[in-house]
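Chain by chain, the residues run as shown.
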Amino acid sequence: MVQTLAYSKEELAGSHLILHDISWETYEQLLEIFAERSTPRMTYYQGTLELMVFLPEHERYSWTLGRLIVALSEEIGIEIMGLKSSTWRSEPKKAGNEADECFYIQNEALMRGKLTIDLKNDPPPDLAVEMDLTSSSINKMAVYAELKVPEVWIWKKGKLIINILNDTGYVESETSLAFGSFPVKELAQFMHLDSDKGENARIREFREWVRSHLQHIPGL
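Structural notes, computed from the coordinates.

## Overview of the layout of surface pockets
Roughly 620 Å³ of internal volume is contained in the largest pocket. Residue lining of the largest pocket: 23 residues in total, with Thr87, Arg89, Ile117, Asp118 and Leu119 positioned closest to the centre. Of all the elements in the fold, those that place two or more residues in the lining of the largest pocket are helix H2 (24–33), strand E5 (87–90) and helix H5 (140–147). Looking at the lining of the largest pocket residue by residue, the class counts come to nine nonpolar, four polar and 10 charged.

Take a look at the structure:
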């Protein structure tokens, strides 16, 4: 039986659609159908499929944090490879997700130049970023754990939460695997919108702040 999905962007915007008892084959077919579109964003976990279309608030915060991460990597002097909201999936684990932002950092050199990535042979992204502005009906941290993403940052209620994967799941951390002893949680102060300051001005201010901190952090 073929299942038909009919919706408008306006109907889903800022909300989500949940479908149950969806096969892996159907999930992959939907990924192919929507491959050339930015919406909807899909999360799949053990037969449950969630489709989401985000409001500008979500996209703006995501874009801002992504820019901060890239600027931080440049100031520290490490290479980084961004893959935005690429789809990561594992059929054996029946899990798939599209992060708001994701990066190879520790494994950047290994993945450099690759356009086709398969988690059967390649490592997952070193860092995934999620904007927790809209409630999800799927436990995304369980999905990330199945995909073995070592680090997930969550922006929630004005705070940046750093989660590190261990043998039992994710635990909150004060420091980042990707950025070592740099106080990445303090990036939150540059996430808050300011009607008197443009985006580029904020990034310039952030770069100056990073440089001032690097003078006092050995090894960075």
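## Description of the side chain of serine 176
Residue placement: serine 176 occurs in the loop between strand E11 (169–173) and helix H6 (199–214). Residue classification places serine 176 among the buried residues on the basis of a relative accessible area of 5%. One polar contact links serine 176 to glutamate 151, side chain to side chain, over a distance of 2.6 Å. Apart from residues no more than four positions distant in its own chain, serine 176 is found in contact with Glu151, Trp153, Ile162 and Val184.

## Some remarks on the nonpolar core
In this structure, Trp153, Phe179, Phe182 and Leu187 are the most contacted members of the largest nonpolar core, which totals 32 residues. Among the elements of the structure, helix H3 (56–76), strand E8 (127–131), strand E9 (151–156), strand E10 (159–166) and H6 are those that each provide at least two residues to this core. Sort the elements by how many residues they give to this core and H3 lands first, with seven residues. Apart from residues no more than four positions distant in its own chain, leucine 187 is found in contact with Leu65, Leu68, Leu72, Trp153, Leu160, Phe182, Phe206 and Trp209. Listed in part, the 17 residues of the second largest apolar core include Trp88, Cys102, Leu147 and Tyr170.

## What to know about the packing of aromatic side chains
In total, this model carries 10 aromatic pairs according to the counting rule given. Aromatic rings pair up to connect Phe182, Phe190, Phe206 and Trp209 into one cluster.

## Observations regarding the pattern of salt bridges
Per the stated rule, a full pass over the model turns up 17 salt bridges. Between aspartate 122 and lysine 114 there is a salt bridge, with its nearest N and O atoms 2.6 Å apart. Linking lysine 185 and glutamate 172 is a salt bridge whose minimum nitrogen-to-oxygen distance equals 3.6 Å. Of this pair, lysine 185 sits in the loop between E11 and H6 while glutamate 172 sits in strand E11; the two residues are 13 residues apart in sequence, bridging distant segments of the chain. For lysine 185, a relative accessible area of 23% gives the class partly exposed. Linked by salt bridges that have partners in common, Glu74, Glu75, Arg207 and Arg211 make up one network.

## Regarding H3
Under the 1.5 Å per step criterion, the end-to-end length of H3 is 30 Å for 21 residues, consistent within 8% with the ideal 30 Å. Directly after H3, the chain includes glycine 77, whose backbone phi takes a positive value near 90°.

## A look at the sheet that holds strand E4 (residues 81–82)
Here six strands make up an open sheet; going across it, the order is E4-E7-E8-E9-E10-E11 and the pairing mixed. At either margin of the open sheet sits one strand with a lone partner, and together these are E4 and E11. Where E9 and E10 come together, six bridges link them in antiparallel fashion. Note that in E10 the partner of valine 152 across the bridge is asparagine 163. Lying over the sheet, H3 contacts strand E7 (101–104), E8, E9 and E10, oriented at roughly 150° with respect to E8.

About the criteria used
- Residues numbered from 1 in each chain as written.
- Predicted model: local features only at pLDDT ≥ 70, side-chain atom pairs only at ≥ 80, totals over all residues.
- Heavy atoms only, no water.
- 1 Å grid on protein atoms, 1.4 Å probe; cavity = no way out; pocket = protein on both sides within 12 Å on 5 of 7 lines; lining within 4 Å.
- Points joined across faces, edges and corners; volume = space filled by probe spheres on them.
- Helix = DSSP H or I, 4+ residues; strand = E, 2+ residues; numbered from the N terminus.
- Nonpolar A, V, L, I, M, F, W, Y, C, P; charged D, E, K, R; others polar.
- Buried < 20%, exposed > 50% of the residue type's maximum accessible area, 1.4 Å probe, protein only.
- Polar contact = N/O pair within 3.5 Å; in protein donor to acceptor, adjacent residues only side chain to side chain.
- Contact = heavy atoms within 4.5 Å.
- Core = buried A, V, L, I, M, F, W, Y, C linked by side-chain atoms within 4.5 Å.
- Phe/Tyr/Trp six-rings, centres within 6.5 Å; stacked < 30°, edge-to-face > 60°.
- Salt bridge = Lys/Arg side-chain N within 4 Å of Asp/Glu carboxyl O.
- Expected span 1.5 Å × (residues − 1).
- Pairing = 2+ DSSP bridges.
- Axes fitted to C-alpha atoms, helices over the stretch in contact; angles between N-to-C directions.

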